[in-house]
Amino acid sequence: MPDNRFIYLDNAASTTNDESVLDVFVDSTRNYFANPSSIHAEGQKGADMLQKAHRDLIKAMGLDGFEAILTSGATEANNLAIKGYCLKNRRRGNHIVTSAIEHPSVLETVKQMCEELGFEATYVLPNKDGIVTLESVQKAIRKDTILVSIMHVNNETGTVNPIQEIGKYLRQFPKIAFHVDGVQAFGKFRKKADISDVDMFSITGHKIHGLMGCGALIKRKNIGLMPLFSGGGQEGGYRSGTNDLAHAKAFIKTVDVAFKNRVQNFDNMMILANKLVSYLLEHKDLYEVNSVLPIVNPYIINFSTLTKKASVVVEALSNEGIMVSSVSACHSSKEKESYVVRAMGKSEQIARNTIRVSFDSENTLEDVEIFIETLDNIIKKIR
């Protein structure tokens, strides 16, 4: 491989910035610097653009009866959805249902709600394939349940949860809100995700060629939330703080980019994922596949090394110019094993030696072939 090139296969952690997104951000930063809350002409010009950004986001998602709260990313959006709804509506109940394989920004938020604010939670386990089933959610519902939070696509294994089925079922419980962490799903299916039966949906920009530091909570207009921030009442009163018009406009451009070629991109990801999985299945003495096609989104493939330490393999791959991850970037410095794979019922050894390969539209079949060849050589060389 040329010294000046590396193969990036960690796109579930973050993606490159699309040039058109950068252009929008730079143009907005340079030309629209006035505070959108100011009452003078330049401020009101920014306010109009900001409101258009909100409308364009909802329109792009094909939604009616929803609104967007622009945030710093999905972690803030998840916190706002869970804390905001539960604290606003705690008179209705104090029980939360979530899954054991959620992103840390959901799990840690629910943990805080229980340990410090008096709520109770049920953590639903996935089945052996990593899917959180409708039946498991049904069994977890109690009379005092007020929130269900289930992610759409798992950030470690790519498993797709049946959020449409869960959402339709939950419609019969008026006091229960359904929140979905949609970060790894947004813009990564052939069709736009159907969230018509979802009440709140978290998204972020840097997983789909946008900037870090921008995201949104998409919610039904009739869903009330207690704000996390107090102040000037921006974002409809749900997120006080000076609006960042440049990030807002860049985020809308990011959404346009993500939706533009999603069909072609998805089909290409299937080719790459099938190539990798076929290799892994041909070497069952060396690897265990934790992502079962076609029930996982092809953007993420997870497997475990059976004879070598995954951390050593990941480091060796990095030294060869190939970037993958062992566990989610959001907790890799803290955890020694994948709690997601462990929750699927797999052994501690399997959970301690996971490798996540996450694709993107910029990846090619040649990238996968080089990865397979390099991985094969590394496995043979490492003692």
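Residues numbered from 1 in each chain as written. Predicted model: local features only at pLDDT ≥ 70, side-chain atom pairs only at ≥ 80, totals over all residues. Heavy atoms only, no water.

## Regarding the overall build of the protein
Put simply, the rule reads: What counts as a helix is a DSSP run of H or I of at least four residues, what counts as a strand is a run of E of at least two, and both are numbered from the N terminus. Radius of gyration: C-alpha atoms only; globule rule: 2.2 Å multiplied by the number of residues to the exponent 0.38. Per-residue accessibility, obtained with a 1.4 Å probe over protein chains only, is compared with the maximum for each type, and a residue is labelled buried under 20%, exposed over 50%, and partly exposed between these values. Contacts between residues were defined by any pair of non-hydrogen atoms, one from each residue, lying within 4.5 Å. Here the accessible surface of atoms and residues is derived via Shrake-Rupley with a 1.4 Å probe, and residues count as covered only by protein chains that are part of the display. Only four residue types enter the charge count, namely Lys and Arg as positive and Asp and Glu as negative; His and the chain termini do not. Where a charge lies is defined by one atom per residue type, namely NZ (Lys), CZ (Arg), CG (Asp) and CD (Glu).
When helices and strands are tallied, the protein shows 12 helices and 12 strands. Since a compact globule built from 383 residues should have a radius of gyration of about 21 Å, the 21 Å found for the protein is in line with a globular shape. Principal axes of the C-alpha set define a box for the protein whose edges measure 65 × 50 × 35 Å. Across the 383 residues in the protein, those meeting the buried criterion constitute 57%. Counted over contacts in the protein with a minimum sequence separation of 6, partners at least 24 positions apart contribute 74%. Summing over all exposed atoms, the protein offers an accessible surface of approximately 16900 Å²; the carbon and sulfur share of this is 50%. Where the 45 positive side-chain charges of the protein centre and where its 45 negative ones centre are 5 Å apart.

## Quick look at the sheet that holds strand 9 (residues 287–289)
Worth spelling out the cut-off: Here, a strand pair is defined by DSSP locating no fewer than two bridges between the strands. Axes, fitted as lines to C-alpha atoms, cover a helix only where it is in contact. Angles between the N-to-C directions of the axes lie from 0 to 180 degrees.
Ordered by their spatial adjacency, three strands build an open sheet running 9-10-12, and the pairing between neighbours is antiparallel. Lying at the two open borders of the sheet, with one neighbouring strand each, are strand 9 and strand 12 (354–358). Neighbour-to-neighbour, the strand axes of the sheet open up by a mean angle of 30 degrees, direction not taken into account. The pairing of strand 10 (residues 300–305) with strand 12 spans five bridges and is classified as antiparallel. For Ser 304, the partnering residue across the bridge sits in strand 12 and is Thr 354. Sitting on the sheet, helix 8 (residues 262–281) is in contact with strand 9, strand 10 and strand 12, with an inclination near 15 degrees to strand 10.

## Examining the nonpolar core
The cut-off we apply is this: To define a nonpolar core, start from buried Ala, Val, Leu, Ile, Met, Phe, Trp, Tyr and Cys residues and group those joined through side-chain atoms within 4.5 Å.
One finds Leu 57, Val 148, Phe 178, Phe 201 and Ile 218 to be the most contacted residues of the largest nonpolar core, which totals 52 residues. Looking at this core element by element, the count peaks at eight residues for helix 7 (residues 245–260). If near-sequence neighbours (up to four positions away) are discounted, Phe 201 is found in contact with Met 61, His 179, Val 180, Gly 182, Phe 186, Ile 195, Ala 216, Leu 217 and Ile 218. Among the nonpolar cores identified, the runner-up in size contains 41 residues, and Ala 310, Val 314, Leu 317 and Phe 359 belong to it.

## Observations regarding helix 2 (residues 41–60)
Rules: Any helix carries an expected span of 1.5 Å times its number of residues minus one.
Given a rise of 1.5 Å per residue, 20 residues ought to cover 28 Å, and the 28 Å separating the end C-alpha atoms of helix 2 matches this to within 8%. Among all positions of helix 2, only Gly 43, Gly 46, Ala 47, Met 49, Leu 50, Ala 53, His 54, Leu 57, Ile 58 and Ala 60 are buried. Count one or two residues on from helix 2 and you reach Gly 62, which has phi positive near 65 degrees.

## Some details on the environment of Glu 42
As a reminder, the rule being used: In the analysis that follows, any N or O atom pair within 3.5 Å is treated as a polar contact, provided that within protein one partner can donate a hydrogen and the other can accept it, and provided that, for residues neighboring in sequence, both atoms belong to side chains.
Among the secondary structure elements, Glu 42 is positioned in helix 2. In this structure Glu 42 comes out as partly exposed when scored by relative accessible area, which is 41%. C-alpha of Glu 42 to C-alpha of Tyr 32: the two residues are 10 residues apart in sequence and 7.7 Å apart in space. For Glu 42, the side chain forms a polar contact with the side chain of Lys 45, separated by 3.2 Å.

## Points about unusual backbone geometry
The omega angle of the peptide bond from Leu 293 to Pro 294 is 5 degrees, so this bond is cis rather than trans. For Pro 294, the location among the structural elements is in the loop between strand 9 and strand 10. With a phi angle near 70 degrees, His 209 is a residue other than glycine that sits in the positive phi range. Secondary-structure assignment places His 209 in the loop between strand 7 (200–204) and strand 8 (215–220).

## Side note on the pattern of salt bridges
What counts, and what does not: Salt bridges are defined by distance alone: a side-chain nitrogen of Lys or Arg within 4 Å of a carboxyl oxygen of Asp or Glu.
For the structure shown, the criterion picks out 16 salt bridges. With its nearest N and O atoms 3.1 Å apart, the salt bridge here joins Glu 288 to Lys 346. Within this pair, whereas Glu 288 is found in strand 9, its partner Lys 346 is found in the loop between helix 10 (339–343) and helix 11 (348–352), the two being separated by 58 residues in sequence. Ionic pairing is found between Arg 342 and Glu 337, a salt bridge with its closest N-O pair at 3.7 Å. Residue Arg 342 is classed as partly exposed on the basis of its relative accessible area, which comes to 36%.

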